[in-house]
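Listed below, chain by chain, are the residues.
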Amino acid sequence: MKISPKEIAALLAIAVLLSAASCRPADQGDSTASGTEPSTPVAAVDKAPTATPTPPFPNLQAELLDARFKTSTSPLANFDFKNYEYPLPRGWQNPDGSDLTLINGRVQPVSVDTDLGMDPDEIADRRSRRRIGMSYVTTRFVDLTADGQDEAVVILKVETTGAAIPQLVYVYEWRDNQPELIWNFRTGDRADGGLKDIRIENGHVIVELYGQDRFVLGETETGKITGDEEQLCCPIYFTRSFYKQAGPAFVLDGKRLTFSLEEPQTAPLENLGDIVNAKERSKRTQVATDR
């Protein structure tokens with residue numbers, strides 16, 4: 001078969017093109033095949049925001065449970081306060097007036113519900129069956145009376161079936177071969193007057209409660225500034241108050257000092273409740289005068 005000059009020219013052109021393609025440098029090849037990124041810009045993918053972990057709640061029992069005041073030569077150190085009967089303070093008694101007896105460091109609360117539609121006798125019967133729960137926290141051995149013999153400071157936690165931790169403090173001395181109660185009081189719940197520490201210092205009994213100007217006020221209450229409300233879990237203040245034995249009781253002796261937990265280097269405020277109350281009285285007097 002005879003090939004025309006045009007066909008010969010076309011074949012020669014194809015051969016030239018094939019030869020040029022085979023000699024092309026590798027870096028001029030297909031970008032995908034060579035493993036390089038395409039020249040078209042790709043939008044950056046936004047990274048998910050990093051979650052900030054929630055800080056843990058502070059351990060408000062840390063000082064009470066540390067290693068201080070755990071040993072003593074007093075017979076009280078060998079007494080079993082986890083299996084013992086404790087009187088309940090006024091306002092916190094069982095309906096039948098019975099004392100509280102710990103068994104292996106605990107007594108379960110008994111909570112009985114009532115309803116407005118119930119018969120009054122049934123309501124009274126149910127309420128009579130309620131019991132306060134309690135659990136043992138710790139015992140400290142400190143010479144609170146300055147007689148050279150340690151007393152036992154027994155700390156119990158009221159069981160509320162919730163997160164609240166109001167506490168009862170019982171101070172015993174050893175007399176006639178048994179513990180004898182010489183002081184007891186109730187503290188509040190965490191930032192609301194909860195117990196931070198109790199110890200002896202320079203001849204004074206030191207009681208520290210969380211909150212502003214919080215101090216022991218009788219058996220069942222702690223002093224409180226109106227409007228002093230903090231997040232219960234996380235107190236930002238505590239009050240240090242000083243006590244001494246006067247006859248059969250322990251009484252306040254000295255200024256009440258409110259410290260900041262957020263700024264521990266700042267000087268404490270003295271008798272803060274008195275200052276706040278004085279301002280409130282001044283405001284009321286001014287309002288009455290303006291009338």
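Everything quoted here is computed from the prediction, not taken from an experiment.

**Observations regarding the overall build of the chain**
Move 1: The number of helices and strands found in the chain is four helices and 15 strands.
Move 2: Every one of the 291 residues in the chain was classed for burial, and the buried ones make up 34%.
Move 3: A separation of at least 24 residues holds for 50% of the contacts in the chain among residues at least 6 apart in sequence.
Move 4: Carbon together with sulfur atoms contributes 54% to the accessible area of the chain, which is approximately 18500 Å² in total.

**As for the state of the cysteines**
Move 1: Enumeration according to the criterion identifies one disulfide in this entry.
Move 2: Each disulfide pairs two cysteine sulfurs, and for Cys233 the partner residue is Cys234, the sulfurs being separated by 2.3 Å. The chirality of the disulfide connecting Cys233 with Cys234 is left-handed, given an S-S dihedral of about -90°.
Move 3: Accessibility expressed as a relative area gives 10% for Cys233, which makes it buried.

**Focus on the pattern of salt bridges**
Move 1: Scanning all chains against the criterion turns up 19 salt bridges.
Move 2: Linking Asp274 and Arg256 is a salt bridge whose minimum nitrogen-to-oxygen distance equals 3.2 Å. With Asp274 in helix H4 (residues 272–290) and Arg256 in the loop between strand S13 (249–252) and strand S14 (257–260), this pair connects stretches of sequence that are 18 residues apart.
Move 3: Looking at Asp274, the relative accessible area reads 41%, which means it is partly exposed.

**Observations concerning the side chain of Arg240**
Move 1: Within the secondary structure, Arg240 sits in strand S12 (residues 237–246).
Move 2: One polar contact links Arg240 to Glu208, side chain to side chain, over a distance of 2.6 Å.
Move 3: When near neighbours in sequence (up to four residues on either side) are disregarded, Arg240 contacts Arg199, Ile206, Val207, Glu208, Lys255, Arg256, Leu257 and Phe259.

**A word on the packing of aromatic side chains**
Move 1: Using the criterion set out here, one finds 14 aromatic pairs in the structure.
Move 2: Where Tyr84 meets Tyr86, the ring centres are 5.3 Å apart and the plane angle is 85°; that geometry is what we call edge-to-face.
Move 3: When the ring of Trp183 is compared with that of Tyr243, the centres are 5.8 Å apart and the planes differ by 50°; the resulting orientation is tilted. In this pair, Trp183 is assigned in strand S7 (residues 178–186) and Tyr243 in strand S12, connecting sequence segments 60 residues apart. A single burial state applies to Trp183 and to Tyr243, both of which are buried.
Move 4: Above the plane of the ring of Phe238 lies Lys196, whose end atom (NZ or CZ) is 4.1 Å from the centre.
Move 5: Sitting over the face of the ring of Phe215, Arg256 holds its NZ or CZ atom 4.7 Å from the ring centroid.

**Thoughts on unusual backbone geometry**
Move 1: Even without being glycine, Ala146 reaches a positive phi, approximately 60°.
Move 2: Relative to the helices and strands, Ala146 resides in the loop between strand S4 (133–142) and strand S5 (151–159).
Move 3: Positive phi is not limited to glycine here, since Asn271 has a value of about 45°.
Move 4: Relative to the helices and strands, Asn271 is located in the loop between strand S15 (269–270) and H4.

**So, the pairing of S7**
Move 1: The sheet contact formed by strand S6 (residues 167–175) and S7 spans eight bridges and is antiparallel. If you follow Tyr172 over to S7, its bridge partner there is Leu181.
Move 2: Where S6 folds back on S7, the antiparallel hairpin that results is connected by two residues, among which Asp176 adopts a positive phi of roughly 55°.

**Some words on the nonpolar core**
A general tendency of soluble globular proteins is for nonpolar side chains to be buried together.
Move 1: Counting 20 residues, the largest nonpolar core has Ile155, Trp183, Ile198, Val205 and Val207 as its most contacted members.
Move 2: Elements with a minimum of two residues in this core: S4, S5, S6, S7, strand S8 (195–201) and strand S9 (204–210).
Move 3: Discounting residues that sit within four places of it in the chain, Val205 has contacts with Leu144, Trp183, Ile198, Arg199, Ile200, Ser241, Phe242, Tyr243 and Phe250.

What counts, and at which threshold
- Residues numbered from 1 in each chain as written.
- Predicted model: local features only at pLDDT ≥ 70, side-chain atom pairs only at ≥ 80, totals over all residues.
- Heavy atoms only, no water.
- Helix = DSSP H or I, 4+ residues; strand = E, 2+ residues; numbered from the N terminus.
- Buried < 20%, exposed > 50% of the residue type's maximum accessible area, 1.4 Å probe, protein only.
- Contact = heavy atoms within 4.5 Å.
- Areas by Shrake-Rupley, 256 points an atom, 1.4 Å probe, with all protein chains shown as cover.
- Disulfide = S-S within 2.5 Å.
- Salt bridge = Lys/Arg side-chain N within 4 Å of Asp/Glu carboxyl O.
- Polar contact = N/O pair within 3.5 Å; in protein donor to acceptor, adjacent residues only side chain to side chain.
- Phe/Tyr/Trp six-rings, centres within 6.5 Å; stacked < 30°, edge-to-face > 60°.
- Lys NZ or Arg CZ within 6 Å of the ring centre and 35° of its normal.
- Pairing = 2+ DSSP bridges.
- Core = buried A, V, L, I, M, F, W, Y, C linked by side-chain atoms within 4.5 Å.

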